[in-house]
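# Descriptive structure summary
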Amino acid sequence: MYSSMGNRGEKLSPLKLAVVQYGILLMMLALTAGLWRLQVLGADNYRLLAEQNRVRKEPVLAPRGKLFDRENRLVVDNYPSVSCFLVREQNRNVDNDLPLIARGLDLDVEQLRATLRRYRAAPGYQPIPIKLDVTPDEEAFIEAHRNELPELETIDEERRLYPNDGFAAHLIGYVGEVSEEDLNNPRFAYNNPGDVVGKAGVEETYDELLRGQDGSRDVIVDSHGREVGYLGIQHAIPGQDLRLTIDNDLQRAAELALGDRNGAIVAMDPRNGEILAMVSRPSFDPNEFAVRINRADWNQLITDPDHPLMNKSIQAQLAPGSTFKILMSVAGLQEGVAQNMKITCSGGWGPYGFFHHCDEHHGAVDIHNAIPFSCDTFFYMLGDRLGIDRIAKYATAFGYGQKTGIDLPGEQAGLMPSAQWKMKNYHNRWYPDETLDVAIGQGAVEATPLQLARIIGGIASGGHMVRPHVVFPDQLPADFRKALPESFPGSGDAYIPIDPDNWNIITAGMYQVTQPGLYHTAGADGLPGIDFGGKTGTAQVMSHEALDKTTKGTVTRPNVWFVGVTPTHNPELVVAVLWQNGGFSYYPARIGARVVAAYVEKQRRLAHNLVPVKTAAPVEMTAVWTVPDSASGARAATGKQDGNPSPIQAGRFLVQDGQIVADANQQTTPALKGHDFSRAVKAAQRTRALAPEGQISRMKPAPKADAPSLRVLSGARVGSHEPRPASVNPSATPKQLAATPTTASGKGQ
Amino acid sequence: MRRFLSFRDFDWTLLGIVLVLCTISVLEIYSATLHTKYIGFHTKQMYWIAGGLVAMFVFAKIDYHKLIDFVPWAYGVCLVALVAVLAVGQKVLGARRWIKLGPMHFQPSEWVKLVLILAVARYFANLGGRSLTWKDIFKAFALVGVPMLLVLKQPDLGTTLTYLPILVAGLFLGGINVRQALILGTCGLALVAGVWTSGKLLKPYQKARLTSFINPDNDPRGTGYQLLQSKIAVGSGGVWGKGAAKGTQTQGDFLPIPHADFIFAAFGEEHGFVGAFFVLLLYFFVLMRLIQNAQTAADLSGSLIIMGVVAVLTFQIAVNVGMVIGFMPVTGIPLPLMSYGGSSVLFTFLALGAVMNVRMRRFVN
């Protein structure tokens, strides 16, 4: 009665229900098996995956080491910056978002696509850098589109901040993103794409120390990548700060002195090879590289005919011109040839059919006035007598044709021709006529400004050659310091003894170059009150491209050089100036003089301000002296020589409280022993020519006729606030000095 | 003639197991929504369960024979409602599934399930257990097929598929023979293949869902992502689980909708193989208990009603758990008694009410 059904009593067959029951049992077993597979057999694997889901390793970027000048003044700093990365796996339709991203971040869509294409092979979770150093506006855009553009991520970074006018740009170098070719280089074995590495200058050489070590943070995130906490942190190890050898003041003076001229300046302390200033023109702004230089700017930099990226102080290989005559003089004197040459210059010489010109008719010339006259005729003849092989022997020994081994990448070796070289490269014998060109620094001879600074500074120091460097080695890890000479092979430290007599002739000649009077290669550039010498050079531009443009003006003007030293004997500063197509050699001499003046003035200013060291340490000094009752003594001390230098003697001493306490060369001392030189030292201090540690640059001879007159030519390094052990000076002869007990202690008592 | 009906005849054992499952559900919803915007959904679920219980008791009171008499009308209303959804329904996430009636959101496709169970039971009970002719079979297909097509049009593939087991159970229990079954099976396969290749009947996202479970790593951010995260959640739970509210996949929002479709994954992560197996066991008891009730039913229509419920529940459990452990594609079918959701809870309790209804009247006549 409840329904129309006529099926009362009908039942489902138990068999069918049993089939259903077994079916359900089977299904449950299958599901259980599935659970077993995941939760029991695969548990470890899935636990790992869950952990990877949850925990993301985020890099903590190490700040790059800062750079300071020699007085610990900041040169290169870092600044905080935000960079934008794209993580493909965080969004399915990255391609659709690209136009929006490009608009928001002020990028080119095609360029953005190209960037993504480059990373196509990389895993989806790898962040792709799409814009470095975003502006606050762009950062706001990223923040505002967190939900629409989950693929965008930002990372806080420290970025390089360089002096903004290209100050010391070539020396410092720049950083940039590691290129794909670089990644194959073992030097970048530990780098990942997108890493910032040093690409030039100090940034490149010391990249390993400067870059530090990135840390990481294990961040717990949810599925949207939102940070909800973190598990652990491995702190970044900041890069090491480095103290450069450059002096900001001198660097600035050198930058201003060179101005916009195409060329280079190197200022070096020839006693230890510390580079005090290094300028190359034209320059560039390394800050453009600190983010990512745009293509147009880059193309402009690399196509500029004046090569702004080239560090001309170590990479410009040009004929040294007359500056080569210093080396010629050394060779001539050491070989005993030049002393006896008395020639008459009548405007040139041409023994092999081709007449080689001299600038003027100098008349009677010998080795004493050949350097200040820069008489070509004299050096043609000297070169002819020496022959190319002897010239090449000396030149190579002093470092021509070899890298100096400075700790900067890309140094060039220059070129020193020889008969052997010509046979090897041109399969032809050497003609004696070619020697004449070489003798005046033309022909095939090529040198860099740094080479000239090292060679001429070394010759003025009596043959003590040094390895130039721009970073104080004492702050480097031992293994890094040990590896440096291997990474930057070169002539390095060397001692090529020059006979003191010969040394005096050459340094006196260099002093005359800058003095007003008879000679006028750079006669107007002497600095009153400063013992300043040097040598100019003029080198014809010989290249074919230059010859092609002979009618077009400045290109054909010769490259001009000046290498100056102060003081003239055992200098503490050598300045090499190159002005490409500068015209006249007294121009660079003036530039060099400005750098020297800036240096000396600073030393004097510092000397005035410094607190004197209380207990005087023994100070090493190199001096010339005259024995009493020698008539020529006074003249020798003022640098005016009359061709008879025999009464002048030279030596090295340790002086303490006015007394000579140790002597490198025992037999020269008796004449000086027991005399008090404190008067001379104090007099020099009063005129501020002497730093507290005992540097005297100019001094009058002792007034009493019966006392030996001592002229101290150089002492310990100037400008330091602390007494320095005497043995630090590399120009010392440590083995001999160590024989006396006083030097062994070295430090002040 | 009418025997006094007592709630002593109610299946309290079944209700007990069901309530255990509901408790687990509420606790897991609480845990899974703890750090999400869905926080507090466990209370809502408790209201739904309470409402479901009331509805179940009310539904059990009405004699199922009356319900079966009433079914043709209900069936008609369902068709109208489904058409209405297509015409004036609210579009949510690209699908029209809801009708707004005053403050209530109403999803007719859930109710259609219940009506279809009754309608199929009535149809096959009327045939009286005789062997089926092709005409009977086609009528049964039409009965289920019309609402199926309407729901598919919404589109709601998941719900559409849940109608199918009702038909299959009806045919199987109603007396289809082996030959007919084989022919139908072959036709069904051909139809599936046809639909798949035609490219018009299935939306691309539906296809993607169906294929991505085979290789979820192909599309780690798409539908495959959900499957992968679900497997990671279940697998990382291990034997003993990570502990309540400690599932990193669940709490870190890696697991999609962990309180609804993927609640079993959340539970599996936090309570491990032991917990998940326990829940499966409970479901097994529920289903076995239902089949037992079908055996003791007073008549064929009662048995068929219960078996219809069994078919729907079994299908939903198999598809949902299968999806969670990576056996099945993502179809959006909730896990009965566990997943959050008013319609699902109400349907399940009403279906159980229908079962109770039949059981209470097992001694009639």
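Computed from a predicted structure; not experimentally measured.

For chain A, the count of helices and strands is 27 helices and 25 strands. Classification of the 749 residues of chain A by burial places 44% in the buried group. Taking as baseline every contact in chain A between residues at least 6 positions apart, the subset at least 24 positions apart corresponds to 72%.

To continue, consider the overall build of chain B. Scanning chain B for helices and strands turns up 13 helices and 3 strands. In chain B, which comprises 365 residues, the share counted as buried stands at 52%. When contacts within chain B are restricted to residue pairs at least 6 apart in sequence, long-range pairs at least 24 apart make up 70% of them.

Below, the discussion takes up the interface of chain B and chain A. Listed by partner, the interface residues are 51 residues for chain B and 39 residues for chain A. Elements represented by at least two residues in the side of chain B that touches chain A include exactly α3 (64-88), α4 (108-127), α6 (157-174), α9 (223-237), α10 (248-251), α11 (263-296) and α12 (300-324) of chain B. The biggest single contributor to the side of chain B that touches chain A is α11(B), with 12 residues. For the side of chain B that touches chain A, a count of residues per class yields 24 nonpolar, 20 polar and 7 charged.

Hydrogen bonding along the main chain pairs the strands of a sheet, whether they run parallel or antiparallel. All names here are of chain A. Strand order in the open sheet formed by 5 strands is β12-β11-β21-β20-β19, and the pairing between neighbours is antiparallel. Bordering the open sheet on either side are β12 (274-281) and β19 (533-539), each of which pairs with just one other strand. Here the strands of the sheet are splayed against their neighbours by 5° on average, with no regard to which way each runs. Summarising the sheet, β19 and strand β20 (residues 559-566) pair through 7 bridges and their orientation is antiparallel.

All names here are of chain B. Relative to the elements of secondary structure, Pro329 occurs in the loop between α12 and α13 (342-360). Since 23 C-beta atoms lie within 10 Å of it, Pro329 is described here as buried. For the pair Pro329 and Gly224, spaced 105 residues apart in the sequence, the C-alpha separation amounts to 8.9 Å.

Residues and elements named next belong to chain A. Looking along the chain, the bond that leaves Arg281 and enters Pro282 is cis, with omega of -5°. Relative to the helices and strands, Pro282 is located in the loop between β12 and α11 (287-290). Look at the link from Thr566 to Pro567: it is a cis peptide, with omega at -15°. In the Ramachandran plot, His307 falls in the positive-phi region, its phi being about 50° despite a non-glycine side chain.

About the cut-offs
- The residue numbers shown here count from 1 along each chain, following its written sequence.
- Whichever chain is written first becomes A and whichever ligand is written first becomes 1, with later ones labelled in order.
- Where totals are concerned, whole chains, interfaces and linings use all residues; where local detail is concerned, this predicted model gives features only for residues with pLDDT of at least 70, and gives and counts side-chain atom pairs only at 80 or more.
- For helices the rule is a DSSP run of H or I covering at least 4 residues; for strands it is a run of E covering at least 2, with both sets numbered from the N terminus onward.
- Residue burial here comes from a neighbour count, namely the number of other C-beta atoms, placed from the backbone, that lie within 10 Å of the residue's own C-beta, with 20 or more meaning buried, 12 or fewer meaning exposed, and in between meaning partly exposed.
- Any two residues are considered in contact once their C-beta atoms, placed from the backbone, lie within 7 Å.
- Any residue outside Ala, Val, Leu, Ile, Met, Phe, Trp, Tyr, Cys, Pro, Asp, Glu, Lys and Arg is labelled polar, Gly included; the first ten of those are nonpolar and the last four are charged.
- Paired strands, as defined in this entry, are two strands with at least two bridges between them according to DSSP.
- For helices, the fitted line uses only the C-alpha atoms of the stretch in contact; every axis is such a line through C-alpha atoms, and the angle between N-to-C directions lies from 0 to 180 degrees.

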